[in-house]
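Descriptive analysis of the structure
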Amino acid sequence: MTTLRAAYDAQLRPGLPDPAPQGARVEQDGPLFRVFGLDDVGLVTYRDLGGTADAELDALIARQVAVARERGEPVEWKLHGHDEPADLPQRLRAAGFVPQTQETVMVGPVAPLASALPVVPEGVRLREVTTRADLDRIAALETELWGRDLTGLADGLEREIAADPQAITVVVAEAGEAGETVVSAGWVRYPPDTTFATLWGGSTHPQWRRQGVYRALVTYRARLAGQRDRTLLQVDAADESRPLLGRLGLVPVTSTTPYVYTP
């Protein structure tokens with residue numbers, strides 16, 4: 001686990017968009033970076049804080065609050081479970097950041113999954129998509145499943161595809177004779193100059209859960225990663241998907257919790 005976490009830290013953090021989609025902007029503030037324009041929430045990210053602590057750390061956090069207030073939009077501080085100093089969560093809370101749902105960062109080898117054929121449930125097909133109409137269908141599913149407006153997801157994916165079609169692949173799982181119903185969707189990113197492919201999405205309609213749809217999406221995207229000579233997969237896993245990902249060979253290396261400040 002230690003070796004995999006070190007690879008994750010070295011290769012995937014701070015996780016800046018590359019290439020940056022149109023409208024995205026990256027600002028550096030000491031050891032961290034602010035990213036705006038990816039969606040409706042700004043992002044604070046970093047590899048590590050370089051020993052920043054105490055009053056200096058409080059001042060760094062306060063500057064992110066000031067920027068959020070100036071822009072009038074929320075900002076998310078992406079906190080990892082092994083980040084230092086240990087009291088960082090308490091300092092974020094004291095500054096007004098609110099923790100959201102924790103996820104588990106899981107990492108595992110591509111090869112075993114890439115060599116397996118995706119077993120797609122009867123009545124479902126997987127298809128790679130790029131058109132705005134298909135991206136809107138994905139956003140509509142996500143909005144329905146999560147109970148909040150996620151229509152902006154289509155904008156973000158569209159801009160990513162436009163910036164570099166080779167940097168991301170979006171896959172839908174469709175049901176119906178003509179594929180008229182999107183039952184799940186996931187995308188895989190190929191961060192440049194790394195050995196990783198990263199998996200995102202995967203939310204599945206309740207009527208199609210526990211039928212192998214999510215597993216098929218993971219396997220399909222692993223094959224895509226293998227075709228691009230990626231050797232490691234990374235997923236920020238919710239509690240529901242963690243057991244399956246574990247059975248597929250991924251192991252937990254740390255946790256990640258969004259701390260959100262809303263002006």
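By the naming in an unreviewed UniProt entry, the protein goes by N-acetyltransferase and is assigned to Micromonospora gifhornensis.

Turning to the overall build of the protein, a few remarks are in order. Counting secondary structure elements, the protein contains eight helices and 12 strands. Relative to the 2.2 N^0.38 estimate, which gives 18 Å for 263 residues, the radius of gyration of the protein is 19 Å and therefore close to what a compact globule would have. The principal-axis extents of the C-alpha atoms in the protein amount to approximately 60 × 40 × 30 Å. Going through the 263 residues of the protein one by one, you find that 46% of them count as buried. Residue pairs at least 24 apart in sequence account for 70% of intrachain contacts in the protein once pairs closer than 6 positions are excluded. Charge separation in the protein, taken as the distance between the mean sites of 27 positive and 36 negative side-chain charges, equals 3 Å.

Okay, the pairing of strand β4 (residues 75-80) next. Within a regular beta strand, the side chains point alternately toward one face of the sheet and then the other, so they alternate between its two faces. Of the strand pairs in this sheet, strand β3 (residues 42-45) and β4 are connected by three bridges, and their pairing is parallel. When the sheet's bridge partners are listed, valine 44 is paired in β4 with tryptophan 77. Tracing the backbone out of β3, into helix α2 (residues 54-71) and back to the parallel element β4 gives a crossover that is right-handed. Summarising the sheet, β4 and strand β12 (residues 251-261) pair through six bridges and their orientation is antiparallel. Residue pairing in the sheet places lysine 78 in a bridge with proline 258 of β12.

Here the focus is the packing of aromatic side chains. Going through the model one piece at a time under the given rule, you end up with three aromatic pairs. Ring centres of phenylalanine 97 and tyrosine 261 lie 5.7 Å apart, and the angle between their planes is 50°; on these two criteria the pair is classed as tilted. Separated by 164 residues along the polypeptide, phenylalanine 97 in the loop between α3 (88-94) and β5 (98-99) and tyrosine 261 in strand β12 bring together distant segments of the chain. Classification of phenylalanine 97 by relative accessible area gives buried; the value is 2%. Its relative accessible area of 8% is what places tyrosine 261 among the buried residues.

Parameters and conventions
- Residues numbered from 1 in each chain as written.
- Predicted model: local features only at pLDDT ≥ 70, side-chain atom pairs only at ≥ 80, totals over all residues.
- Heavy atoms only, no water.
- Helix = DSSP H or I, 4+ residues; strand = E, 2+ residues; numbered from the N terminus.
- Rg over C-alpha atoms; globule rule 2.2 N^0.38 Å.
- Buried < 20%, exposed > 50% of the residue type's maximum accessible area, 1.4 Å probe, protein only.
- Contact = heavy atoms within 4.5 Å.
- Lys, Arg positive; Asp, Glu negative; His and termini not counted.
- Charge placed at Lys NZ, Arg CZ, Asp CG, Glu CD.
- Pairing = 2+ DSSP bridges.
- Right-handed = clockwise from strand over helix to strand, strands pointing away.
- Phe/Tyr/Trp six-rings, centres within 6.5 Å; stacked < 30°, edge-to-face > 60°.

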